[in-house]
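Residue-level structure breakdown
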Amino acid sequence: MSVNEALDQKTPTENLENWQPKILVFACNWCTYAGADLTGLSRLQYPATVRILRVPCSGRVNPQFVIKAFQKGVDAVLVCGCHPGDCHYTTGNYFTRRRFLLMRRLMEYIGMEPERLQASWVSAAEAQKFQQLITEVTEQIRALGPNRKLRDVQWEQWNN
Amino acid sequence: MKRVGVFVCHCGTNISGTVDCAQVAEAAKDFPNVEYSIDYKYMCSEPGQEMIKKAIEEHKLNRIVVASCSPRMHEPTFQNCVERAGLNPYYVEMANIREHCSWVHPNEKEGATEKAIDLVRMAVAKAVRNQPLQKTTIPVTDRALVIGGGIAGIQAALDLANAGHVVDIVEREPSIGGKMAQIDKTFPTLDCSACILTPKMVDAAAHPNINLLTYSEIEKVDGFVGNFDVTIRQKARSIKMDVCTGCGICMEKCPVKVDSEFELGLAKRRAIYTPFPQAIPNKPVIDREHCTYFLRGKCGICSKLCPAGAVDYTQQDELLTRRYGAIIVATGFELFDYSVYGEYGYGKYPDVITGLQFERLINASGPTMGKLQRPSDKKEPKNIVIINCVGSRDEAKGKSYCSRTCCMYSAKHASLIRDKIKDSNVYVFYMDMRTPGKGYEEFYDRSREQYGTQYIRGRVSKIYPLNDKLIVRGEDTLLSQPVEVEADLVILATAMVAQPDADKLAQKIGIGYDKDNFYTEAHPKLAPVETHTQGVYLAGACQGPKDIPDSVAQASAAAAKACGLLSKPEILTEPIVTEVDEKTCAGCGTCLLICPYKAIDLKTLTERIAGEIVERKVATVNEGLCQGCGACTVACRSGSIYLKHYTDEQILAEVNALCL
């Protein structure tokens, strides 16, 4: 039995109408994390689909973290940092930008929807932008459905 | 054995109004390594902190997770709390269930509670892997370097020196004073620029704590906050400073005449010269590019005439290396070169001058002794046109920004002209009048009402010479009709731009600069004089266009920041820095290229392998320079460099915990 067949058989019948994606956000400490804080302070609402992970700089996000997150069953990964030119560490987000473009190519290559990996620049003042971003990405991923391509954890769980 | 305590805060009803805190605390009990879990109304309050301390003792907890507000708010509070209970402060991890959860999901109570549980699980997974980190201290050298001897540099140096710190001012011109020394009068008070600047220059020169290094430039900057090793090139002055009396005989007799930089080409100077009569130090330099002795090997008149025997043609550039605790960059600005504008004559019409040239023309110590006459035929001009925004607010050919000072100095020029020549007409072409500042709008009003300056809103499309006049053609956009002025003199309010080599200096020091080469402050509002490089501060127009009051205010602010640093014998450094695993590091040097702070270097290791002595290179991190961004950790091919507190293992543990 191929892996795909196994997956087809073992996938639990999910109620996709009420299904909510799980989105991991890597947020840099100086801009986006503060921007997300401001979103809260301004009481702007967005779907409870995201989990924010604080990193010092978006340049700290190793592509390995992204792959691992997909393997573990995250439906989308969002890498957020300061606007280009505004990096707290001068150049960190330029590296992020280059890595992101490469990662998108990799996603296409392995047959994953590239929309599942997104990068966006959100400053500490852009609460509204953060709200819109999360709302839009959640909608996009809801339309795409669950990530089944790399989720090895579930595969193991279903086997048990 | 890791024993985690989880403390879930209600924040009154801020969190508990949405998130079921009791359920979160209950769920946390099942997470790996969690020994104790509880929720409470206000964790940050005195009883809340007591609760954490008591739990640490009673349950022998050694990792603490606080689920409450943003760590940007209360992380230091809880770090201090556990430190008082005898734990390392970096054993605390926070889950942000207020700003990132309860406040943004008020209508999704279930979803929010589920999310809070996830966030706590992530925090627990990370906390288990947190290592104790120690803040270290580094010594601070009590000496400051001020780069640039304009008004900002002088003010910063005086403030520092008065606070008891030794300061060196490095100025590349032969005299301190900067652009302010060239200005005639200052707005909005119209007091004479030299009268308020030169006493400060004298104070700086006479101050026992200030050393002037004029005719000197920064060669190299090494080191880090508290310990910058700066190499300064003292250019050969060809004058023995300790012997010269500044009598000036040499300058009178020198046969060479070249355009004076200080007079902006409106007058000549000699090859041995001081830039202006009030120069400090008031001792000449020899311009070797134009001096006959250096060009042809003969002349030597200055040497023969000097009564003190101070001329020394054999002097060489000297390199001086000194250690400084803090650096204040006050390198100022340059003026936009308007020769890119064909409509203003590409800089070829002698009677089209810049605002700064006008300052020299109307200055009592300037080339015309303050008599306003146009450069071409020395006639007194009757019709004068001033054009604002030359190079400012013009993305196509100039700069996108507003230079901030031009509206005001144009109003000043207009007033000065009308003061000197009563029957003159002054026309100012402007885009918008911008006069934010104390007394500025009133000054602009006076220039219109009292001095009768005519303001025309619109741009000039062409200037061309006709007989001995300049025809200025433009548009009055308020009347929607073309205007033409027969002008005798045209003054261009050219934009303030960064020094042409501002980027090179920034690279030497390791500070950021923006698209226009102005230096970037650490935060535009809350850290306007700091840079992202600790211990380096900004003052004056090198950070962006500024007038004199703002430059002086910023200089004093920078001096206060530097004082704060220099007044302690040592400083604490953040322990969240990178570390190299020397066993696996291949010494490829990729991390050196990626580090924005030049904090990584290669060092040579000598090892004994299979009985042989082998040398190999490995990376090494200077903890004083590293700011903990972690860019190098991602670039390392062998994963040999890691960022403390944000290791791959810690971040992956959080990712894993999220997905369980």
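The structure presented is a predicted model; accordingly, all values stated were derived computationally and were not measured.

1. Quick look at unusual backbone geometry
Residues and elements named next belong to chain B. Look at the link from Phe187 to Pro188: it is a cis peptide, with omega at -5°. Mapped onto the elements, Pro188 comes out in the loop between strand E8 (185–186) and strand E9 (191–192). Residue Ile280 is joined to Pro281 through a cis peptide bond whose omega torsion reads 0°. Along the chain, the position of Pro281 falls in the loop between strand E15 (272–273) and strand E16 (285–286).

2. A closer look at the sheet that holds strand E7 (residues 166–170) of chain B
Pairing between sheet strands relies on hydrogen bonds along the backbone, with the strands arranged either parallel or antiparallel. All names here are of chain B. Reading across the sheet, the 5 strands line up as E10-E7-E6-E18-E29 and stay open at both edges, with parallel pairing between neighbours. At either end of the open sheet lies a strand with only one pairing partner, and these are strand E10 (210–213) and strand E29 (536–538). Ignoring which end each strand starts from, the neighbouring axes of this sheet average 20° apart. Relative to E10, E7 runs parallel, the two sharing 4 bridges. Opposite Ile169, over in E10, you have Leu212 as the bridge partner.

3. Thoughts on the state of the cysteines
Residue and element names in this part refer to chain B. One pass over the structure, following the stated rule, counts 1 disulfide over all chains. With its sulfur 2.2 Å from that of its partner, Cys192 forms a disulfide with Cys195. The chirality of the disulfide connecting Cys192 with Cys195 is right-handed, given an S-S dihedral of about 95°. For the unlinked cysteine Cys302, the closest cysteine sulfur is that of Cys291, found at 5.9 Å. Since its relative accessible area comes to 9%, Cys302 is described here as buried. Of all cysteine sulfurs, the one in Cys101 lies closest to Cys659, which takes part in no disulfide; the gap is 17 Å.

4. What about the packing of aromatic side chains?
All names here are of chain B. Considering all chains together, one arrives at 14 aromatic pairs over all chains under this definition. Look at Tyr293 and Phe294: their rings are 5.8 Å apart centre to centre, the planes differ by 85°, and that puts the pair in the edge-to-face class. Of the residues examined, Tyr293 reaches a relative accessible area of 30% and is grouped as partly exposed. Phe294 gets classed as partly exposed once you look at its relative accessible area, which sits at 27%. Considering the side-chain rings of Tyr401 and Phe518, the 5.5 Å spacing of their centres and the 65° angle between planes classify their relative orientation as edge-to-face.

5. A closer look at the interface of chain A and chain B
Contacts between chain A and chain B engage 44 residues on the former and 44 residues on the latter. The contact between chain A and chain B buries some 3,900 Å² in all, and 59% of this surface belongs to carbon and sulfur atoms. Summed over the three residues of chain A that lose the most area to chain B, namely A:Arg51, A:Arg54 and A:Arg60, the buried surface amounts to 18% of that side. Here B:Glu75 ties to A:Arg54 by a salt bridge, and the two come within 3.2 Å at their closest N and O atoms. For the pair chain A and chain B, the interface holds 17 residue pairs in polar contact (both at pLDDT 80 or more). When contributions to the side of chain A that touches chain B are tallied by element, the ones reaching two or more residues are strand E1 (23–28), helix H2 (32–41), strand E2 (50–55), helix H3 (63–71) and helix H4 (92–109) of chain A. Classifying every residue of the side of chain A that touches chain B by side-chain character gives 25 nonpolar, 10 polar and 9 charged.

What counts, and where the lines are drawn
- Residues numbered from 1 in each chain as written.
- Chains lettered and ligands numbered in written order.
- Predicted model: local features only at pLDDT ≥ 70, side-chain atom pairs only at ≥ 80, totals over all residues.
- Heavy atoms only, no water.
- Helix = DSSP H or I, 4+ residues; strand = E, 2+ residues; numbered from the N terminus.
- Pairing = 2+ DSSP bridges.
- Axes fitted to C-alpha atoms, helices over the stretch in contact; angles between N-to-C directions.
- Disulfide = S-S within 2.5 Å.
- Buried < 20%, exposed > 50% of the residue type's maximum accessible area, 1.4 Å probe, protein only.
- Phe/Tyr/Trp six-rings, centres within 6.5 Å; stacked < 30°, edge-to-face > 60°.
- Contact = heavy atoms within 4.5 Å.
- Buried area = accessible area lost by both parts, 1.4 Å probe.
- Salt bridge = Lys/Arg side-chain N within 4 Å of Asp/Glu carboxyl O.
- Polar contact = N/O pair within 3.5 Å; in protein donor to acceptor, adjacent residues only side chain to side chain.
- Nonpolar A, V, L, I, M, F, W, Y, C, P; charged D, E, K, R; others polar.

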